[in-house]
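One letter stands for each residue in the lines below.
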Amino acid sequence: MSDQEQQYQWALTKGFHKKLIPAMIIGAVVVSVLIIGCVAQYGHLIGLTSFRSMLILDLAVGLPVGAYFGYLAGLGAMKKRLEWVKWGEAHGWEYQAKPKQIGAGLSAGEEALRKSSIFWHHARKHDLIHRRIGDQGISLLRATNFTKRTPGSGQNDLVGGTRKQSGGCCFLVMDNPISCPPMNIHSRKFMDRLHLPTSRPVISFEVDDFNEKWTVHASDAKAAYARISQKVIDFLLSSSDKYLIEFVDDMLIVQYWISQTEEFLSIRNPRQFYMSLMTFTEEFIDNVPEDLMKSIHLVDKMG
């Protein structure tokens, strides 16, 4: 049964409430621990000094209140999934809350994706939307890193220690019918975050402003110069430097780095980053010479 079908089952029957039991248990435990801690610290001020009184308060207040808030939190997450599914159904996208396969053609794109130097292979992936536009598959998803980095470790390395959120981003992965030799385009600000393959030399351009703002790594300089025309240079100079672009095999990958402020502001509109990615990608492709990249309409598919 697909993830999308499961979402509908949860929404259309009361049976989906059992999916909220783990959230209720977590809520009950968290609130109970908080109450025990508060009573242990300040209980003497209100006459609660015995273990028995603490246990009674915990059973009477902590467990039910915690379970209730856990239920509300789980229900909110469930409704968010359902909203994604309904939106996807209305606009021709397939939605997966926790994707098992990622790539422009899903399973067919996994091999090329493994070669990517910008994709977060070990991050938690969520909220994937996928569809085909003509003969091209396109996938967008969110990724969140929960790894503790140490000096000299790569962004995709799993390092032991306390897990903490180190950042989030969105990825757009799409088929590229006109193959391009491996190439990366990224802001110089990302040099410390990326460990790009040393086999791809840096390609310099005649526009100094572009060389100062963007770095191009390519295994084939001729292919890089052909695709990064003056129109592409002008477009990238006027664009945000939070985007990273990579060509690998027959695939185009675009990443958008999300700040914590943007993450908070996106709660009401979780698809705003997908729209930004599609807008940037569509305009980038439109500026590449037509014989080297097939034009595609992405933005109007978001509804």
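Higher on the page you've got the structure.
Peer 1: Break down the overall build of the protein chain for me, citing the residues and quoting the values.
Peer 2: Each helix and strand counted, the protein chain has nine helices and nine strands in total. Across the 303 residues that make up the protein chain, the buried fraction comes to 47%. Sequence-distant contacts, at least 24 apart, represent 69% of the contacts inside the protein chain between residues at least 6 apart. When the accessible surface of the protein chain is split by element, carbon and sulfur atoms take 57% of a total near 16100 Å².

Peer 1: Account for the pattern of salt bridges, naming residues and giving values.
Peer 2: Should the charged atoms of two oppositely charged side chains come close, the side chains can pair. In this structure the tally under the stated criterion is five salt bridges. Of the charged contacts in the structure, one is a salt bridge between K115 and D249, with a shortest N-O distance of 3.0 Å. In this pair, K115 is assigned in the loop between α4 (110–114) and β2 (124–133) and D249 in the loop between β8 (243–248) and β9 (251–258), connecting sequence segments 134 residues apart. On the basis of relative accessible area, K115 is assigned to the partly exposed category, the value being 45%. Take D249: its relative accessible area is 32%, and that puts it in the partly exposed class. A salt bridge links D300 to K301, with the shortest nitrogen-to-oxygen separation between them at 3.3 Å.

Peer 1: Lay out helix α7 (residues 230–237) with the relevant residues and their values.
Peer 2: Buried residues of α7: V232, I233, F235 and L236, and no others. Considered in projection along α7, the buried side chains sweep an arc of 165° and stay on one side of the axis. Contacts made by the buried residues of α7 are with β5 (183–187), α5 (208–213), β7 (214–218), α6 (221–227), β8 and α9 (272–287).

Peer 1: For the packing of aromatic side chains, give the residues involved together with the corresponding values.
Peer 2: All told, the structure shown has 14 aromatic pairs when counted by the stated rule. With 3.9 Å between their ring centres and 0° between their planes, Y243 and F280 make a pair best called stacked. A residue pair is termed long-range when its members are at least 10 positions apart, and Y243 in strand β8 and F280 in helix α9 qualify at 37 residues. Of the residues examined, F280 reaches a relative accessible area of 5% and is grouped as buried.

Peer 1: Summarise the pairing of β7; cite the residues concerned and give the values.
Peer 2: Taking burial as the measure, the five residues of β7 include five buried ones, the bulk of the element. Taking every second residue as pointing to the same face, both faces of β7 are buried, with W214, V216 and A218 on one and T215 and H217 on the other. In this sheet, β7 lies alongside β5 in antiparallel orientation, the contact comprising five bridges. By the bridge assignment, N184 is partnered in β7 with H217. Relative to β7, strand β6 (residues 202–203) runs antiparallel, the two being bridged by two bridges. Within β7, the residue paired with V202 across the bridge is H217.

How each quantity is defined
The residue count restarts for each chain, going from 1 along the sequence in the order it is written. The predicted nature of this model means local features are confined to residues of pLDDT at least 70 and side-chain atom pairs, given and counted, to a pLDDT of 80 or more, with totals for whole chains, interfaces and linings taken over all residues. Only hydrogens and water are set aside; all other atoms, that is, all heavy atoms of the structure, feed into the side-chain values. Only DSSP runs of H or I with at least four residues qualify as helices, and only runs of E with at least two residues qualify as strands; both kinds are numbered from the N terminus onward. For every residue, the accessible area obtained with a 1.4 Å probe (protein chains only) is divided by the maximum for its type, and the residue is called buried under 20%, exposed over 50%, and partly exposed between those limits. In this description, contact between two residues means that some pair of their heavy atoms is separated by no more than 4.5 Å. Surface accessibility in these figures is a Shrake-Rupley result with a 1.4 Å probe; residues are shielded only by whichever protein chains are displayed. Salt bridge, as used here: a side-chain nitrogen of Lys or Arg that lies within 4 Å of a carboxyl oxygen of Asp or Glu. In this description, the arc belongs to the directions extending from the helix axis to the C-beta atoms. A pair of Phe, Tyr and Trp rings is counted when the ring centres sit within 6.5 Å of each other, with Trp represented by its six-membered ring. The angle between the planes then sorts it: under 30 degrees is stacked, over 60 is edge-to-face, the rest tilted. Two strands pair if DSSP finds at least two bridges between them.

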